[in-house]
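Secondary and tertiary structure notes
Given next are the chains, with one letter for each unit.
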Amino acid sequence: MVGQLAADSIERRSGVSLWRQIADKILHAIAIGDFAENAALPPEVALAERYGVNRHTVRSAIAALVQEGVLRAEQGRGTFVLSRKRLSYPIGARTRFSAGLQGQASERHTVLLTSSVEPASQRVAEGLGLARGTDVIRLETRGEADGRPVSRAAGWFEARRFAGIDAAMTATGSITVSLARFGIDDYLRQSTMLSARHADAADLADLDLQPGAIVLVTVSVNVTPDGQPIQFSESRFPAERVELKLSAL
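Residues numbered from 1 in each chain as written. Predicted model: local features only at pLDDT ≥ 70, side-chain atom pairs only at ≥ 80, totals over all residues. Heavy atoms only, no water.

1. Remarks on the overall build of the chain
Selection rule: Secondary structure follows DSSP: runs of H or I at least 4 residues long count as helices, runs of E at least 2 residues long count as strands, and numbering of each begins at the N terminus. The rule is simple: take the accessible area with a 1.4 Å probe, protein chains only, and divide by the maximum for that residue type; under 20% is buried, over 50% is exposed, in between is partly exposed. Note on areas: Shrake-Rupley, 1.4 Å probe, and residue coverage restricted to the protein chains presented here. Residues scored as positive are Lys and Arg, those scored as negative are Asp and Glu, and His as well as the terminal groups of each chain are ignored. Note that the charge is assigned to NZ on lysines, CZ on arginines, CG on aspartates and CD on glutamates.
Summing up its helical and strand segments, the chain has eight helices and 10 strands in all. Dimensions of the chain, computed from C-alpha atoms along their principal axes, come out at roughly 60 × 40 × 30 Å. Every one of the 249 residues in the chain was classed for burial, and the buried ones make up 44%. Summing over all exposed atoms, the chain offers an accessible surface of approximately 12500 Å²; the carbon and sulfur share of this is 50%. Positive and negative side-chain charges in the chain, numbering 29 and 28 respectively, have mean positions lying 2 Å apart.

2. Here we look at the domain arrangement of the chain
Here is the rule: Segmentation of the chain into domains, including their bounds, is taken from an automatic or database domain assignment. Using a 1.4 Å probe, buried area is obtained as the accessible area two parts lose upon being combined, added over both of them.
What the domain assignment lists for the chain is domain 1 (18-81) and domain 2 (87-246). Relative to domain 2, the C-alpha centre of domain 1 lies at a distance of 33 Å. Summing the contributions of domain 1 and of domain 2, the shared interface buries around 500 Å²; its carbon and sulfur component is 50%. Of all residues in domain 1, Arg20, Asp24 and Glu68 bury the most surface against domain 2, accounting for 64% of the area lost on that side.

3. Points about unusual backbone geometry
A positive phi is found at Asn38, a non-glycine position, where the angle reads about 70°. By the element assignment, Asn38 lies in the loop between α1 (18-31) and α2 (44-51). Judged by relative accessible area, which is 54%, Asn38 ranks as exposed.

4. Describing the environment of Val136
For the record, the criterion: Note on definitions: a residue-residue contact is assigned when non-hydrogen atoms from the two residues lie within 4.5 Å.
In this fold, Val136 is placed in strand β5 (residues 135-145). Here the alpha-carbon distance between Val136 and Trp156, two residues 20 residues apart in the chain, equals 6.1 Å. When residues no more than four places from it in sequence are discounted, the contact partners of Val136 are Ser116, Val117, Glu118, Pro119, Ala120, Val124, Leu128, Leu130, Trp156, Phe157, Glu158 and Ala159.

As structure tokens, this is what we get:
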């Protein structure tokens, strides 16, 4: 079968539970079309054979995916794949949360979770072109679309230049509008680094995910049109809800 993952790809000593690994493999199979939307999932015994685990492990994986809204269990009929189109989030020269999801979600907003002033770490300082230890403002935010959390981000700004950006963010719910209050009417994405990992405890809570879920991670720097760094950020997106679409920066 196209896209079928061999049983020996199970990492039994990876620290990730077997049922979560099977759940992730089912998600992958759905993503590549092995298991069609609105169609019945293969029986537990077939899935157990496919992935080289016992039926109890498969049953736990299916239960988790039902809870996550990926599958639907019907008594006497089986388990079905729900139609769940992921949001496509564009990353390009001008990356904006609300504008990027326009036409895909009717309600889009960003919530400020916490803010603090801290000395810049080495990577933050390098991203912002500052000396290590310079005071920076850290904003922890969550992006929501139609009531569902779709991103979790930490953003850093030079404290002296952007004093009060936390209050602006609370009032406006938008990084772009907040920056405009500091005279920055336009900014560009200078760089973006992509990776993926398992969600940590904060991600699980803030993004409403199950243990073992995968998050897509972007580390980026935004600059003014004349090249001055203004924002260093790390964002996490739940892979089951969001795909990242890259365009030329």
